Amino acid sequence: MNKIIIMAALTLLLHQTDNSLSQETESADSRKFYSYTLDGNIPEALKLVASDGSSLKQDIKDEFMKRFGDDNDQSEFFLQKNSPVSDLLLIYRDYWRSAFFGRDADGSDLMLKLTRFFNTKYAAGLRIDSTLNSDELDAFVKKYVNENGMHTTGFGMTGKFYDLLIWKNQSDTTYHFSLNGRDISPKVVFMTDFVTLGWEEYATLGKYYPGGWATKEAIFCVKDAYDLESENFIVSYLAHEGQHFEDYKLFPELSSTDLEYRAKLVELAMADKTLYRTISFFISNADSSSTNPHTAANYFVIRDLSRALFRKDFEADAGQWEGVPAYIINKESGLLLESNTGELLRIGKEVKNYIRP
């Protein structure tokens, strides 16, 4: 499978500092702000920050304006990220800022700048107007980061933007657990000491970021993001990414949005303490037209469960969901996943897209 597609499918979003808190503790403006920033829609987030009467906290407004309110980043982000690979991160930071505002939508400027960067570092002898392809850039990003004693996902995308994740240390273990009646034993790679957690971290001022992802070989986990005994880890991370791990074998061509739809149904089928908070998050970050696989999948999960439980297309009132016993939501989520699996198996391993607006 194309590496760019893999990276787009996998990231798991979570709170950095307050993942124990309910969405209801945030104001409507705060939920809207993070919905915009998680979708990379910085222009709309800036309008909200600048609007009269916005209930966003002043320190968030100030930091966001420093980061995105001018032609140049006036925040301390880059100073805080100082490392031996800062020159590479600077290229990506400038690309993110450009891409958030609709420039360099296809990443061609980024690829050209990276080509020139690696041409200088490794005397590759390329013509000044030439551009390395995705596979070549992937190899050079890994080579450069590895030579500086760190690890990276390489050259790929998270959602609609090219991303850069770099960490210093990692260790492997194997988890044995049951996923929808199937026993699986994936290798889990725990990563620590991150230099950068990518564009989501940058856009949301560090509140949200990838908590992990899955490949055909292993599940990768941002270890410091989780209490390893919590439901947040066991369900929202391990079961979610475990479903990805299994789906890569069953449906190797399946789209990012379809993969996320299935993994999010697993979460809702298994969640207990985190169930209603997870539903509230899905509702607040749902958009069927989004190119972000998470945002689109959030919509389709809530849509299909709303049809099953409320006989309506999209129940957006979190209070209505809290009136439904958890075991019923668990059951309906499991039934939706079972039905989806049956349909995908009927089509065959070559299936790419199944969910429809």
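Residues numbered from 1 in each chain as written. Predicted model: local features only at pLDDT ≥ 70, side-chain atom pairs only at ≥ 80, totals over all residues. Heavy atoms only, no water.

1. Regarding the environment of V141
Looking at where V141 falls in the secondary structure, it is placed in helix 8 (residues 134–147). Residue classification places V141 among the buried positions, given a relative accessible area of 0%. Here the alpha-carbon distance between V141 and E217, two residues 76 residues apart in the chain, equals 20 Å. If we skip the residues at most four places from it in the chain, V141 touches L88, Y92, F118, T152, G154, F155 and L164. (Helix = DSSP H or I, 4+ residues; strand = E, 2+ residues; numbered from the N terminus. Buried < 20%, exposed > 50% of the residue type's maximum accessible area, 1.4 Å probe, protein only. Contact = heavy atoms within 4.5 Å.)

2. Some details on helix 4 (residues 58–68)
Buried residues of helix 4: I60, K61, F64, R67 and F68, and no others. Angularly, the buried residues of helix 4 cover 135 degrees about the axis, an arc narrow enough to put them on a single face. In this structure, the buried residues of helix 4 make contact with helix 2 (28–38), helix 3 (42–50), helix 5 (77–80), helix 6 (86–100) and helix 9 (199–203). (Arc of directions from axis to C-beta.)

3. Concerning the pairing of strand 11 (residues 219–222)
Residues of strand 11 alternate between two faces, with I219 and C221 on one and F220 and V222 on the opposite face, all of them buried. Where strand 10 (residues 212–214) folds back onto strand 11 in an antiparallel hairpin, the turn is made up of four residues. (Pairing = 2+ DSSP bridges.)

4. A few points about the environment of K264
Of note, K264 is situated in helix 11 (residues 256–270). Assessed through its relative accessible area of 4%, K264 is described here as buried. For the pair K264 and A239, spaced 25 residues apart in sequence, the C-alpha separation works out to 9.3 Å. Setting aside anything within four residues of it in sequence, one finds K264 in contact with H240, F282, H294, A297, N298 and V301. Among the polar contacts listed, one links the side chain of K264 to the side chain of H294, at a separation of 3.3 Å. (Polar contact = N/O pair within 3.5 Å; in protein donor to acceptor, adjacent residues only side chain to side chain.)

5. Comments concerning the pattern of salt bridges
Applying the stated criterion across every chain yields a total of 16 salt bridges. For E63, the salt bridge identified is with R67, shortest N-O distance 3.6 Å. Of this pair, E63 and R67 both sit in helix 4, separated by four residues, roughly a single helical turn. Overall, the relative accessible area of 26% leaves E63 in the partly exposed class. For D304, the salt bridge goes to R307, with nearest N and O atoms at 4.0 Å. In this pair, D304 and R307 both sit in helix 13 (residues 293–309), three residues apart, roughly one turn of the helix. (Salt bridge = Lys/Arg side-chain N within 4 Å of Asp/Glu carboxyl O.)

6. Thoughts on the sheet that holds strand 5 (residues 165–174)
Strand order in this open sheet of five strands is 2-5-8-11-10, and the pairing throughout is mixed. Looking at the sheet topology across the chains shown, the edges are occupied by strand 2 (151–152) and strand 10. Two elements, strand 5 and strand 8 (residues 187–197), share nine bridges in a ladder whose sense is antiparallel. By the bridge assignment for strand 8, W167 is matched with F194.

7. So, helix 13
Across its 17 residues, helix 13 extends 24 Å between first and last C-alpha, which sits within 8% of the 24 Å expected from 1.5 Å per residue. Taking burial as the measure, the 17 residues of helix 13 include 13 buried ones, the bulk of the element. Regarding helix 13, its N-cap is N292, as a side-chain oxygen of that residue lies 2.9 Å from the backbone nitrogen of H294 further along. One or two residues past the end of helix 13 sits R311, with phi positive at roughly 55 degrees. (Expected span 1.5 Å × (residues − 1).)

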